[in-house]
Amino acid sequence: DAGVIQSPRHEVTEMGQEVTLRCKPISGHDYLFWYRQTMMRGLELLIYFNNNVPIDDSGMPEDRFSAKMPNASFSTLKIQPSEPRDSAVYFCASTSGGGQPQHFGDGTRLSIL
Amino acid sequence: KQEVTQIPAALSVPEGENLVLNCSFTDSAIYNLQWFRQDPGKGLTSLLLIQSSQREQTSGRLNASLDKSSGRSTLYIAASQPGDSATYLCAVVSSGNTPLVFGKGTRLSVIA
């Protein structure tokens, strides 16, 4: 079975550019989560969706960040404009809910110069 | 607000040793607790999930225990091997469908 698929795996771009990260959850999973990992703060939730509807976006750092889930098999996380402090590893995870384990993608390593 | 702490932050042991990684959480009202492994530059691999009603879970050389009332969990690794070298993360959820709250991990090195 295919796991959670994220793209790109690596992204290097200059400050001010728009960045779009993509995620395909495991088929049949109703919950999708976006997390960010940094050395200083560890892994933190940005936003999560249930049945394509955003449930909690309190972790989104500011208006430069936005996330969408247009259908059950695709989600995007967009940063516009990007800043060097956005450099981190961004993970997507999905679960069927009901206390089942969350399954993580391999992450996108983002570097903003 | 739930906070998860993992001690030690780093650990180095010789091959063959049994070891224990610790995880504590501030709010005992959890739904379950999950242990993950993360290799450098990689994603997270789920190792064990313990429901709040359970006391422990075992998988091969790994055993995770949960003491919900005291807000603690341990991950026991038996007969450690160099291939066990990785960062181990502990995370909790407060209800069945909520996000994980992570500790910052323990970086384990097993020396051959």
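Residues numbered from 1 in each chain as written. Chains lettered and ligands numbered in written order. Predicted model: local features only at pLDDT ≥ 70, side-chain atom pairs only at ≥ 80, totals over all residues. Heavy atoms only, no water.

For the coordinates displayed, the defined rule picks out 2 disulfides over all chains. Paired through a disulfide, Cys23(A) and Cys92(A) show a sulfur-sulfur distance of 1.8 Å. Between Cys23(A) and Cys92(A), the S-S dihedral sits near -65 degrees, and the bridge is therefore left-handed. Of the two residues, Cys23(A) sits in strand β3 (residues 19-24) while Cys92(A) sits in strand β9 (residues 88-95), which places them 69 residues apart along the sequence. We classify Cys92(A) as buried; its relative accessible area is 0%. A sulfur-sulfur distance of 2.0 Å marks the disulfide that ties Cys23(B) to Cys90(B). The S-S bond linking Cys23(B) to Cys90(B) shows a torsion near -60 degrees; that makes this disulfide left-handed. Taken together, the residues span a long stretch of sequence, with Cys23(B) in strand β3 (residues 19-25) and Cys90(B) in strand β9 (residues 86-93) at a distance of 67 residues. Grouping residues by exposure puts Cys23(B) and Cys90(B) together as buried. (Disulfide = S-S within 2.5 Å. Helix = DSSP H or I, 4+ residues; strand = E, 2+ residues; numbered from the N terminus. Buried < 20%, exposed > 50% of the residue type's maximum accessible area, 1.4 Å probe, protein only.)

Attention now goes to the interface of chain B and chain A. Between chain B and chain A, the residue contacts involve 20 residues of the former and 22 residues of the latter. When chain B packs against chain A, the two sides together hide about 1600 Å² of surface, and 54% of this comes from carbon and sulfur. At the junction of chain B and chain A, the tally comes to 0 salt bridges. For the pair chain B and chain A, the interface holds 4 residue pairs in polar contact (both at pLDDT 80 or more). Elements represented by at least two residues in the side of chain B that touches chain A include exactly β4 (32-38) and β5 (44-51) of chain B. Class assignment of the residues belonging to the side of chain B that touches chain A gives a composition of 8 nonpolar, 10 polar and 2 charged. (Contact = heavy atoms within 4.5 Å. Buried area = accessible area lost by both parts, 1.4 Å probe. Salt bridge = Lys/Arg side-chain N within 4 Å of Asp/Glu carboxyl O. Polar contact = N/O pair within 3.5 Å; in protein donor to acceptor, adjacent residues only side chain to side chain. Nonpolar A, V, L, I, M, F, W, Y, C, P; charged D, E, K, R; others polar.)

Attention shifts here to the environment of Asn71(A). On the secondary structure map, Asn71(A) appears in strand β7 (residues 65-71). Within the local environment of Asn71(A), its side chain forms a polar contact with the backbone nitrogen of Ser73(A), the two atoms lying 2.9 Å apart.

Next up on the list: the environment of Ser94(B). Residue and element names in this part refer to chain B. You can see Ser94 is positioned in the loop between β9 and β10 (101-102). Spatially, the C-alpha atoms of Ser94 and Asn32 are 7.3 Å apart, while their sequence positions differ by 62 residues. The residues contacting Ser94, other than those within four sequence positions of it, are Ala29, Ile30 and Tyr31.

Tallying each qualifying case throughout the model produces 8 aromatic pairs over all chains. Ring centres 5.7 Å apart and planes at 90 degrees place the aromatic pair Tyr35(A) and Phe102(B) in the edge-to-face group. Pair noted here: Tyr35(A) is in strand β4 (residues 31-38) and Phe102(B) is in strand β10, and the two residues belong to different chains. On the basis of relative accessible area, Tyr35(A) is assigned to the buried category, the value being 0%. Under the relative-accessibility criterion, Phe102(B) is labelled buried at 8%. Aromatic side chains Phe104(A) and Phe36(B) sit 5.4 Å apart centroid to centroid with 80 degrees between the ring planes, which places their arrangement in the edge-to-face category. One end of the pair, Phe104(A), is in strand β10 (residues 103-104); the other, Phe36(B), is in strand β4, on a second chain. Taking the relative accessible area as the measure of exposure, Phe104(A) reaches 9% and is therefore buried. Taken together, Phe33(A), Tyr35(A), Tyr48(A), Phe91(A), Phe104(A), Phe36(B) and Phe102(B) form an aromatic cluster joined through their ring pairs. (Phe/Tyr/Trp six-rings, centres within 6.5 Å; stacked < 30°, edge-to-face > 60°.)

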